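# Coordinate inspection notes
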Amino acid sequence: MKTLKEVKIGQTAQVVKLHGEGAVKRRIMDMGITKGVQIFVRKVAPLGDPMEVRVRGYELSLRKEDANMIEVTVL
């Protein structure tokens, strides 16, 4: 199992599963991150938090703890 947090800058990953419960999972899904969607990792802050990704044609910043809840496969 690999999470979005582990994906390197410049790589594209596809979401396999969302972990987490309740409001946190709902917030991630509301940002457009759902099963099967592709995510491109653009940048990571110097201390690793947050990371900037491209999802469904727009830029999004995610905290490390949120990215750790997103199970992906690297394409």
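The preceding data block contains the structure.
Residues numbered from 1 in each chain as written. Predicted model: local features only at pLDDT ≥ 70, side-chain atom pairs only at ≥ 80, totals over all residues. Heavy atoms only, no water.

With that out of the way, let us pick up the pairing of strand E4 (residues 51-55). The element E4 is largely enclosed, with a buried count of four among its five residues. Looking at chain direction, strand E3 (residues 38-44) and E4 are connected through five bridges and run antiparallel. Among the inter-strand pairings, Val41 is bridged to a residue of E4, identified as Val53. Counted along the chain from E3 to the antiparallel partner E4, the turn is six residues long, and its residue Gly48 has a positive phi close to 90 degrees. Both E4 and strand E5 (residues 58-62) contribute to a ladder of five bridges, which runs antiparallel. (Buried < 20%, exposed > 50% of the residue type's maximum accessible area, 1.4 Å probe, protein only. Helix = DSSP H or I, 4+ residues; strand = E, 2+ residues; numbered from the N terminus. Pairing = 2+ DSSP bridges.)

Quick look at the sheet that holds strand E1 (residues 2-3) now. Pairing between sheet strands relies on hydrogen bonds along the backbone, with the strands arranged either parallel or antiparallel. The strand order across the open sheet formed by six strands is E1-E6-E2-E3-E4-E5, and the pairing between neighbours is antiparallel. Each end of this open sheet is capped by a strand with a single partner; those strands are E1 and E5.

Before going further, it helps to spend a moment on the side chain of Glu71. Position of Glu71 relative to the elements: it lies in strand E6 (residues 70-74). In this structure, Glu71 is buried with no salt-bridge partner, the nearest side chain bearing the opposite charge being Lys17 at 5.6 Å. Only 2.8 Å separates the side chain of Glu71 from the side chain of His19, close enough to count as a polar contact. Not counting residues up to four positions away in its chain, the partners in contact with Glu71 are Met1, Lys2, Thr3, Gln14, Val15, Val16, Lys17 and His19. (Lys, Arg positive; Asp, Glu negative; His and termini not counted. Salt bridge = Lys/Arg side-chain N within 4 Å of Asp/Glu carboxyl O. Polar contact = N/O pair within 3.5 Å; in protein donor to acceptor, adjacent residues only side chain to side chain. Contact = heavy atoms within 4.5 Å.)

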